[in-house]
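# Architecture at a glance
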Amino acid sequence: MTIVEIKTKIYDDQKPGTSGLRKSVKVFQQEHYTENFIQAIFTALEDQITGSTLVVGGDGRYYGKEAVQKIIRIAAANGVRKLIVGQHGILSTPAVSNLIRKYKTLGGIVLTASHNPGGPNADFGIKFNCDNGGPAPDHMTNKIFNITKSLTSYKIIPELNVNIDIIQTNEIKLDNTFTVDVIDSVNDYVILMKEIFNFPIIKELLQERKFELLVDCLNGVTGPYAKCIFGKELGLNDTNIVHSIPLEDFGGLHPDPNLTYAKDLVETVRNGTYDMGVAFDGDGDRNMIIGKKALFVTPSDSLAILAANLNVIPYFKKNGIKGYARSMPTAAAVDQVAKLNNIECFEVPTGWKYFGNLMDAGRLSICGEESFGTGSDHIREKDGIWACLAWLNVIAELKKSIEEIQKDHWLKFGRNFFTRYDYENCELEKANKVMTEVETKILDPAFKGTKLCDGTKNYVVKHADNYSYTDLIDKSVATKQGLRILFEDGSRIIFRLSGTGSSGATIRLYIEAYETDQNILYNDAQEVLKPLINIALNLSKMQEHTNRDKPTVIT
Ligand code: G16
């Protein structure tokens, strides 16, 4: 087998977004496109690549297996010593993070477009995670992008083919031995979960106390993990785990666990038979939690409630609680817990990569994002199955329903009402008009102190900006992370363009209000937030600029 150097052509659109390079499959299938990006990752790793070990796997979506073979061929040609590959190319994003950390590898390549649909006419993605197990930070993704802009060739062993469907160690004799270790996708992750949680008490909850859990994997990667953990280990019936076979096109589902795209789960749980429903996204890092009769727990509340009850989870009993964090648009419910518990709390830009340095520095134990991400420092990715197990562990210990736990929480800490409006797949030009409309208004120095009214409600602007963040540990700066309007009563309106789409633009509008008044505490969020929503829609001229009279998704 010989290494050949293939002359390539440059693609100028390989800038990674919030979490890796995400494009339609057709884009990745262009000649040299995937190869270029993989070579750019290896080139960016410089000398470290020689003799290194990397983890490779993805969410099982269309084009994944082909991409794994390309990575194998290019890795061998670039001097990588060993690849650890999930069987069939399957590894959830949290599982990749765990493997990188457990086997102390140089990093890993995750093949996923996360919650975006899959199939020949849908999306694919490639993401590099560093040796801490977390998504590459901005300086690394910028370096990779810069390399793609001047790449003239890539190195490859074209005839190398490894069977990734059989668990075995493949040794390939090159100058040195190149190893492809095809491993069970689930084992190491299950071991980790059993170290973190009290499995016996969760088993008792599910079996003896007959707590009815319904798990929806949305035909994504979590199926095998859910069957092993909830089924084999915890005794949940097979029929309580649905859409559990990873499909290349997710069976036509949009594998995004929210009230719109996980509507099967929501409708089934609404009938009252189940005590809890949970859904995961395509690559297993997102989760949605609902209680009996489809009671929705916002991701911001989910984070805060778990943060307030970490003391019942063995992992945190052992390691202590170092700090909390959330992304900027996430409602500040966890901040209330931090205040009362006297624990450090951080706000970072959208993107899990921004939590990594705080965790590595021992300052952060649990964090989350409004985009259905929750996780802890057990790995460096958000973790859907972890979040479900954390809830089950808390429910089992508190011996209360999700509704009771949520109510008690609001009574003690107040409630951060939250909603997100998504305007998906807008034309870029129209989305930019909305953002410019808002930015021009809010950055005018006269905006501060303005009173914005809707009906009888009015809100005084305390501060407005385009959010920027300086990393506390490495002092790197991230700018233009979202347009914020902060009001004197603690309410917030935020506008941001999604960084995970593959084409067009998605506008996200985030609205938050904090209440402690018991007469309002249990009201409907859309009702309570209506005045702020109206103010945001008027201020941005949303309808005029986008020609949309309503959002695609309301969370
Ligand atoms: C990714 C990141 C998350 C982030 C989300 C935001 O999620 O990993 O940390 O919150 O994107 O998405 P957007 O930029 O569209 O608002 P995932 O699950 O797609 O990897």
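The preceding data block contains the structure.
Quick look at the structure, then. (Residues numbered from 1 in each chain as written. Predicted model: local features only at pLDDT ≥ 70, side-chain atom pairs only at ≥ 80, totals over all residues. Heavy atoms only, no water.)

Right, let's get into the packing of helix α12 (residues 333-341) against helix α15 (residues 402-413). Viewed as axis vectors pointing N to C, α12 and α15 meet at an angle of 60 degrees, and their least axial separation amounts to 10 Å. In terms of axis orientation, α12 runs oblique to α15. Considering only the axes of α12 and α15, their crossing is left-handed. Residues Q336, V337 and L340 of α12 form the contact with α15, whose participating residues are H409, K412 and F413. For the contact of α12 with α15, the residue count by class is 3 nonpolar, 2 polar and 1 charged. (Axes fitted to C-alpha atoms, helices over the stretch in contact; angles between N-to-C directions. Helix = DSSP H or I, 4+ residues; strand = E, 2+ residues; numbered from the N terminus. Parallel < 35°, antiparallel > 145°, perpendicular 65-115°, else oblique. Left-handed = near helix turned anticlockwise from the far one by under 90°. Contact = heavy atoms within 4.5 Å. Nonpolar A, V, L, I, M, F, W, Y, C, P; charged D, E, K, R; others polar.)

The subject of this paragraph is the environment of D377. Relative to the helices and strands, D377 resides in the loop between β18 (373-376) and α14 (384-398). Overall, the relative accessible area of 9% leaves D377 in the buried class. Note: C-alpha distance between D377 and F28 (349 residues apart in sequence) is 33 Å. Sequence-distant contacts of D377, that is, excluding residues within four places in its chain, are made with R101, Y315, K322, M359, L364 and S365. (Buried < 20%, exposed > 50% of the residue type's maximum accessible area, 1.4 Å probe, protein only.)

Here we take up the site of the ligand. Around the ligand sit 19 residues in total, of which E369, S498, G499, T500 and R508 are the nearest. Contacts to the ligand include W352, whose backbone N or O atom sits 2.8 Å from an oxygen atom. Residue R496 places a side-chain N or O atom 2.7 Å away from an oxygen atom belonging to the ligand. In terms of residue class, the shell around the ligand is made up of 1 nonpolar, 10 polar and 8 charged. (Near = heavy atom within 4 Å. Polar contact = N/O pair within 3.5 Å; in protein donor to acceptor, adjacent residues only side chain to side chain.)

Our next topic: helix α5 (residues 138-148). Inspection of α5 places M140, T141, I144, F145, I147 and T148 among the buried residues, and these make up the whole buried set. End-on, the buried residues of α5 take up no more than an arc of 160 degrees, which puts them together on one face. Contact partners of the buried residues in α5: α2 (33-44) and β6 (123-129). (Arc of directions from axis to C-beta.)

On to the sheet that holds strand β16 (residues 345-348). Here 4 strands make up an open sheet; going across it, the order is β16-β15-β17-β18 and the pairing mixed. Both outer strands of the open sheet, β16 and β18, are each paired with one neighbouring strand and no more. Each neighbouring strand pair of the sheet contributes to a mean axis angle of 15 degrees, computed without reference to strand direction. In this sheet, β18 lies alongside strand β17 (residues 366-369) in antiparallel orientation, the contact comprising 4 bridges. Across the sheet, the residue bridging to E369 is G373, located in β18. Those strands touched by α12 are β15 (324-327) and β16, and its axis lies near 160 degrees from that of β15. (Pairing = 2+ DSSP bridges.)

Ranked by size, the top nonpolar core spans 72 residues in total, and within it F230 and W386 carry the most contacts. With 11 residues, α14 is the largest single contributor of residues to this core. Contacts of F230, omitting those with residues within four sequence positions, involve L213, V215, G235, L236, I241, F280, I385, C388, L389 and L392. (Core = buried A, V, L, I, M, F, W, Y, C linked by side-chain atoms within 4.5 Å.)

What follows is about the sheet that holds strand β26 (residues 505-515). Ordered in space as β20-β21-β24-β25-β26-β19-β27, the 7 strands form an open sheet in which the pairing is antiparallel. Looking at which strands have only one partner, the edges of the open sheet turn out to be β20 (451-454) and β27 (553-554). Relative to β26, strand β19 (residues 415-426) is paired through 10 bridges, and the arrangement is antiparallel. Residue pairing for β26: D422 is matched across the bridge by R508.

Consecutive side chains of a regular strand alternate in pointing toward one face of the sheet and then the other. Neither face of β15 is exposed, since Y324 and R326 on one face and A325 and S327 on the opposite face are all buried. As judged from the 4 bridges shared by β15 and β16, these two strands associate in the parallel manner. Each residue of the ladder has a partner; that of S327, found in β16, is V348. Of the pairings in the sheet, the one linking β15 to β17 comprises 3 bridges and is parallel in character. The partner of A325 across the bridge, within β17, is C367.

With that out of the way, let us pick up the pairing of strand β13 (residues 287-291). Burial within β13 is extensive, with 5 of its 5 residues counted as buried. Bridge analysis of strand β12 (residues 276-280) against β13 gives 5 bridges, and the strand direction is antiparallel. Paired with M276 across the strands is G291, a residue of β13. Counted between consecutive antiparallel strands, the loop separating β12 from β13 contains 6 residues, among which G284 sits at a positive phi close to 85 degrees. The antiparallel hairpin formed by β13 and strand β14 (residues 295-297) contains 3 residues in its connecting segment, where K293 sits at a positive phi of about 55 degrees.

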